[in-house]
Each structure stands twice: as C-alpha cells, then as structure tokens.
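Observations on the three-dimensional arrangement
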Amino acid sequence: MMAWMNEEAWKETLQSGYAVYYSRSRSQLWRKGETSGHRQQIEEIRVDCDADTILLKVHQKGAACHEGFESCFFRKVNAEGTVAIADERLVDPAQVYGKKSS
Ligand SMILES: N=c1c2ncn([C@@H]3O[C@H](COP(=O)(O)OP(=O)(O)OP(=O)(O)O)[C@@H](O)[C@H]3O)c2ncn1[C@@H]1O[C@H](COP(=O)(O)O)[C@@H](O)[C@H]1O
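Please read all numbers here as calculations on a predicted model, not as lab measurements. Every chain is numbered on its own, with residues counted from 1 as its sequence reads. For this predicted model, a pLDDT threshold of at least 70 governs which residues receive local features, and a threshold of 80 or more governs which side-chain atom pairs are given and counted, while totals over whole chains, interfaces and linings are taken from all residues. Hydrogens are left out, water is left out, and the side-chain values use all remaining heavy atoms of the structure.

**Things to note about the packing of aromatic side chains**
Each Phe, Tyr or Trp ring, with Trp reduced to its six-membered ring, pairs with another whose centre is within 6.5 Å; inter-plane angles below 30 degrees give stacked pairs, above 60 give edge-to-face pairs, and intermediate values give tilted ones. For the structure on display, the rule yields 2 aromatic pairs. With centroids separated by 3.8 Å and ring planes inclined at 5°, the aromatic side chains of Phe 69 and Phe 74 adopt a geometry described as stacked. When a residue's accessible area, from a 1.4 Å probe over protein chains only, is under 20% of the maximum for its type it is buried; when over 50% it is exposed; and in between it is partly exposed. According to the relative accessible area criterion, Phe 69 is buried, its value standing at 2%. A cation over an aromatic ring shows up here: Arg 39 above the ring of Tyr 18, its NZ or CZ 3.8 Å from the ring centre. Distance and angle both matter: a charge sits over a ring if NZ of Lys or CZ of Arg is within 6 Å of the ring centre and within 35 degrees of the ring normal.

Structure follows, in structure tokens:
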C-alpha cells in the first residue's frame, strides 16, 4: 500500500513499532488496523536516496488493503493497457469494515 505520513505519524511509528499514517482525506492520524485489526508490525524501515520516501517492511496481520487483498496493488496492467485483478481476495471487506469500506 501507499500512504502518507506527517511528523506525528512518523514519530509514533518509531515509538510504537506499528505503522501509523496520516490520512489526507480524513485529516487525521491513521493507526493502520484500528478498525480492521489488520495492524502492521514494523520489521525494517528504509529511506530512499533523497530521503523523501519511506519503505516499511512489515509483518502484516490480515490484509493490508481495505478491499480485502494482501496488497493494494492487486490489479495488473497487461501489454494492451487493460487492467485485471491478479490476486485472490483474502477477506470480505464488508465483514471487516461493515458498510464503511472506502
Ligand atoms: N483501511 C484502509 C486502507 N488500507 C489501505 N488503503 C490504501 O491507502 C490509501 C490511502 O488512504 P487514505 O485515502 O486514507 O489516504 P489519503 O491520505 O487521503 O490519500 P489518497 O486517498 O489521496 O491516496 C488508499 O488509497 C488505499 O489504497 C486504505 N485506505 C483506506 N482505508 C480505510 O481506513 C479505515 C481504517 O481501516 P484500518 O486501518 O484497516 O482499520 C477504514 O475506513 C478503511 O476503509
């Protein structure tokens, strides 16, 4: 998945050992898994060459994606440019999030 952090999210991630993001659409700190239970325990943190992108390697409980897939990158683009689902859905989002799945 790809998500944003602000300074508060970054500090809490380091302090807690679990992934914490900042949701721009919800304008609030986002402790991943707070609703779903699908928390992300940090295993390793890397930063890119110009230190503006962070890669979290995590132990993922359940599914990272709120659509029920292990990863948010569950669609594949083929050579013709069409898009198809390439992975299996692990969980039913309605069961995990109720009506609030987006
Ligand atoms: N759980 C997710 C979730 N998991 C992965 N993602 C991906 O993370 C991206 C960023 O999420 P947001 O929309 O909150 O973040 P944003 O800062 O507004 O960024 P953009 O939407 O502009 O990308 C989304 O585009 C999704 O691809 C999720 N986006 C939203 N949720 C919602 O987050 C809530 C809490 O979920 P849990 O943390 O799993 O309990 C629930 O209401 C979920 O529906």
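**Focus on the domain arrangement of the protein**
Accessible area lost when the parts come together is the quantity often used to give the size of an interface. Start and end points for every domain follow an automatic or database-based domain assignment. Assigned domains within the protein: domain 1 (1-61) and domain 2 (64-102). Here the C-alpha centre of domain 2 lies 20 Å away from the C-alpha centre of domain 1. Counting residues at the interface gives 8 residues for domain 1, matched by 6 residues for domain 2. Two parts lose some accessible area (1.4 Å probe) when they are put together, and adding that loss for both gives the buried area. Around 650 Å² of area is buried between domain 1 and domain 2 when both sides are counted, 62% of it from carbon and sulfur atoms. It is Met 1, Thr 35 and His 38 that lose the most area in domain 1 upon contact with domain 2, and together they represent 56% of the buried surface on that side. Any carboxyl oxygen of Asp or Glu within 4 Å of a side-chain nitrogen of Lys or Arg constitutes a salt bridge here. Counting across the domain 1 and domain 2 interface gives 0 salt bridges. Pairs of N or O atoms within 3.5 Å make up the polar contacts considered here, provided that, within protein, one atom can donate a hydrogen while the other can accept it, and that residues adjacent in sequence are counted only when both atoms are side-chain atoms. Summed over the shared surface of domain 1 and domain 2, the number is 1 residue pair in polar contact (both at pLDDT 80 or more). Residue polarity follows a fixed list, in which Ala, Val, Leu, Ile, Met, Phe, Trp, Tyr, Cys and Pro are nonpolar, Asp, Glu, Lys and Arg are charged, and the others, Gly among them, are polar. Within the side of domain 1 that touches domain 2, the residues separate by chemical class into 2 nonpolar, 5 polar and 1 charged. Contact definition: two residues touch when any of their heavy atoms are within 4.5 Å.

**With respect to the environment of Val 20**
Here a helix means four or more residues in a row that DSSP labels H or I, a strand means two or more in a row labelled E, and each is numbered from the N terminus. The residue Val 20 is located in strand S1 (residues 20-23) in this model. In the structure, Val 20 is positioned 12 residues away from Glu 8 in sequence and 8.8 Å away in space, judged by C-alpha atoms. Setting aside its immediate chain neighbours within four residues, Val 20 contacts Met 5, Ala 9, Glu 12, Thr 13, Leu 29, Trp 30 and Arg 31.

**Notes on the site of the ligand**
If even one non-hydrogen atom of a residue comes within 4 Å of a molecule or strand, that residue is called near it. Contacts to the ligand come from 22 residues, most closely from Arg 24, Ser 25, Gly 33, Thr 35 and Ser 36. A distance of 2.6 Å separates an oxygen atom of the ligand from a polar atom in the backbone of Thr 35. One of the side-chain nitrogen or oxygen atoms of Ser 36 is found 2.6 Å away from an oxygen atom of the ligand. Per-residue and other accessible areas follow the Shrake-Rupley method at a 1.4 Å probe size, with only the shown protein chains counted as cover for residues. When isolated, the ligand has an accessible area of 780 Å², and the protein chains bury 81% of it. Residue assignment for the shell around the ligand shows that the elements contributing at least two residues are S1 and strand S2 (28-31).

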